[in-house]
Amino acid sequence: MSDEQTETGTGWPQPAGPVRPGGPAGEPDPRPDAPDPDELSPLAPQGPAEGAPEPPDEDSAVASVDEGATADLSEMSGSAEEPVASARSLASGRFRWSTAGVMIVALLALLGFTLVVQLKTTSTDPTLGATRQEDLVRILSDLDARENRLQQDIRALEDSQRQLRSGEQGRQAALDEATRRADELGILAGTLPATGPGLTVRFDAGGGEPISADQVLDAVQELRGAGAEAMQISGSDRATARIIASTYFLDGENGSLVVEGRRLAAPYTITVIGDPATMRTALNIPGGVVASVQRDGGNVTVEERGVVEISALHAPIKLEHARPVS
């Protein structure tokens, strides 16, 4: 075994340099195109390859990076502002649409409420819808008459108010007003006689059923509703009773009528003060008092008078519990 083999410790000889083909170890390659041994060494510094671009200078690289970074930030900021602006415009558009929607809903609700109110106010009474045209005309006439009376009362009260505020005439006006009110209350209470235009209504049973207390009471109610101001009832025996708010009627024996405890014999006559035309219309309403008496075989005679007199008086009522409000 040679020395080279002993030094390496292996059983194979190790060459000292690159092996060239056809020559002993350690001798350079005699070929003209053979590569330089230094180039083949892995420890030799490697230079740039031919045709490769030179590495840029550090200052220029930094400058180019800085300029590029500045340009990119400006572009990024500009592109970021566009979505924000679009988002703001979209939000404002949604706000405007929501406000418009609220206004539309409010207007629709107001319109619906107006329609409901109009339908309720224009709805007709089913009882009036089934009434004949003649009856509706009479009812309208009664309403017109009541309106005229109320207008007259309003004017009278306004005149009294002006007189009470007129200074020197105030005391005399107050006295006259008190006297007038006392007279009116006396007539309504039945403690004073009265005169004026009105009607006489005669109830005659004829050969039919006797006139009942209910029929007389219905006649009194119809006359009061038509504006009667004072009434009295008398029988064939000349017995007379004043009719006021507390008057009651009862059926007596043998077809007689009891009024305020006084017995009246048939036929009966009611004398009433008020507007004659309005009260006649009220009595002749279909299905009313006249129709009821005629259906039972009786007869009702209504006469208009320019002046009638109510002479029967009612005893003053003593109040036990009611007191005027101070």
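About the cut-offs
- Residues numbered from 1 in each chain as written.
- Predicted model: local features only at pLDDT ≥ 70, side-chain atom pairs only at ≥ 80, totals over all residues.
- Heavy atoms only, no water.
- UniProt positions renumbered as here; feature names shortened; annotations may be inferred.
- Helix = DSSP H or I, 4+ residues; strand = E, 2+ residues; numbered from the N terminus.
- Buried < 20%, exposed > 50% of the residue type's maximum accessible area, 1.4 Å probe, protein only.
- Contact = heavy atoms within 4.5 Å.
- Areas by Shrake-Rupley, 256 points an atom, 1.4 Å probe, with all protein chains shown as cover.
- Pairing = 2+ DSSP bridges.
- Axes fitted to C-alpha atoms, helices over the stretch in contact; angles between N-to-C directions.
- Patch = residues over 30% accessible without salt bridge, like charges linked within 9 Å, V, L, I, M, F, W, Y side chains within 5 Å.
- Salt bridge = Lys/Arg side-chain N within 4 Å of Asp/Glu carboxyl O.
- Lys, Arg positive; Asp, Glu negative; His and termini not counted.
- Charge placed at Lys NZ, Arg CZ, Asp CG, Glu CD.
- Core = buried A, V, L, I, M, F, W, Y, C linked by side-chain atoms within 4.5 Å.
- Parallel < 35°, antiparallel > 145°, perpendicular 65-115°, else oblique.
- Left-handed = near helix turned anticlockwise from the far one by under 90°.
- Nonpolar A, V, L, I, M, F, W, Y, C, P; charged D, E, K, R; others polar.

- Regarding the protein, the UniProt comment filed under Sequence similarities (unreviewed entry) reads as follows: "Belongs to the UPF0749 family."

### Comments concerning the overall build of the protein
And step 1. A tally of helices and strands in the protein yields nine helices and eight strands.
And step 2. Out of the 326 residues belonging to the protein, those deemed buried represent 23%.
And step 3. Expressed as a percentage of contacts within the protein between residues at least 6 apart in sequence, the contacts between residues at least 24 apart total 68%.
And step 4. When the accessible surface of the protein is totalled, it reaches about 23600 Å², and 58% of it is carbon and sulfur.

### Remarks on the sheet that holds strand β6 (residues 262–264)
And step 1. Overall, antiparallel pairing links the three strands, which are arranged β4-β5-β6 in an open sheet. Lying at the two open borders of the sheet, with one neighbouring strand each, are β4 (249–251) and β6. Across the sheet, the axes of successive neighbouring strands diverge by a mean angle of 30 degrees, strand direction being ignored.
And step 2. Sheet topology places strand β5 (residues 257–259) next to β6; three bridges connect them, and they run antiparallel. Note that in β6 the partner of V259 across the bridge is R262.
And step 3. Here helix α7 (residues 213–225) sits on the sheet and contacts β4 and β5; the angle it forms with β4, its principal contact strand, is near 155 degrees.

### What to know about helix α8 (residues 276–283)
And step 1. When you tally the buried positions in α8, you get six out of eight residues, the bulk of the element.
And step 2. Residues P276, T278, M279, T281, A282 and L283 constitute the buried set of α8.
And step 3. Residues of α8 that are buried in the fold lie against α5 (133–164), β1 (194–204), α7, β7 (268–273), α9 (289–295) and β8 (299–310).

### Section: a negative patch on the surface
And step 1. There is a patch of like negative charges on the surface, built from D214, D218, E222 and D251.
And step 2. Examining the composition of the negative patch, we find that three residues originate from one element, α7, more than from any other.
And step 3. You can see E222 is positioned in helix α7.

### So, the nonpolar core
And step 1. Counting residues in hydrophobic clusters, the biggest one holds 32 residues, and the most contacted among them are F203, I233 and I270.
And step 2. Considering every element that reaches this core, the biggest residue donor is α7, with five residues.
And step 3. The contacts of I270, once residues within four sequence positions are left out, are L199, T200, V201, F203, V216, V220, L223, M231, Q232 and I233.
And step 4. Residues A194, A230, I273 and I310 belong to the second largest nonpolar core, which totals five residues.

### Description of the environment of R162
And step 1. Inspection of the secondary structure assignment puts R162 in helix α5.
And step 2. Using a relative accessible area of 51% as the deciding quantity, one classes R162 as exposed.
And step 3. With eleven residues separating them along the chain, R162 and A173 place their C-alpha atoms 9.4 Å apart.

### A word on the environment of L250
And step 1. Within the secondary structure layout, L250 lies in strand β4.
And step 2. C-alpha separation for the pair L250 and S212, spaced 38 residues apart in sequence, amounts to 8.2 Å.
And step 3. The contact partners of L250, leaving out residues within four places of it in the chain, are A213, S256, L257 and V258.

### Observations regarding the pairing of strand β3 (residues 240–243)
And step 1. Here four bridges tie strand β2 (residues 230–234) to β3, and the two strands are oriented antiparallel to one another. Among the inter-strand pairings, Q232 is bridged to a residue of β3, identified as R242.
And step 2. Connecting the antiparallel pair β2 and β3 is a turn made up of five residues, with R238 showing a positive phi of about 70 degrees.

### Focus on the packing of α7 against α8
And step 1. Between α7 and α8, the least distance of the axes is 9 Å, while the angle of their chain directions is 140 degrees. As far as their axial angle goes, α8 and α7 are oblique. Between α7 and α8 lies a crossing whose hand is right-handed. Contacts between α7 and α8 pair A219, E222 and L223 from the former with M279, A282 and L283 from the latter.
And step 2. Split by residue class, the contact of α7 with α8 holds five nonpolar, no polar and one charged.

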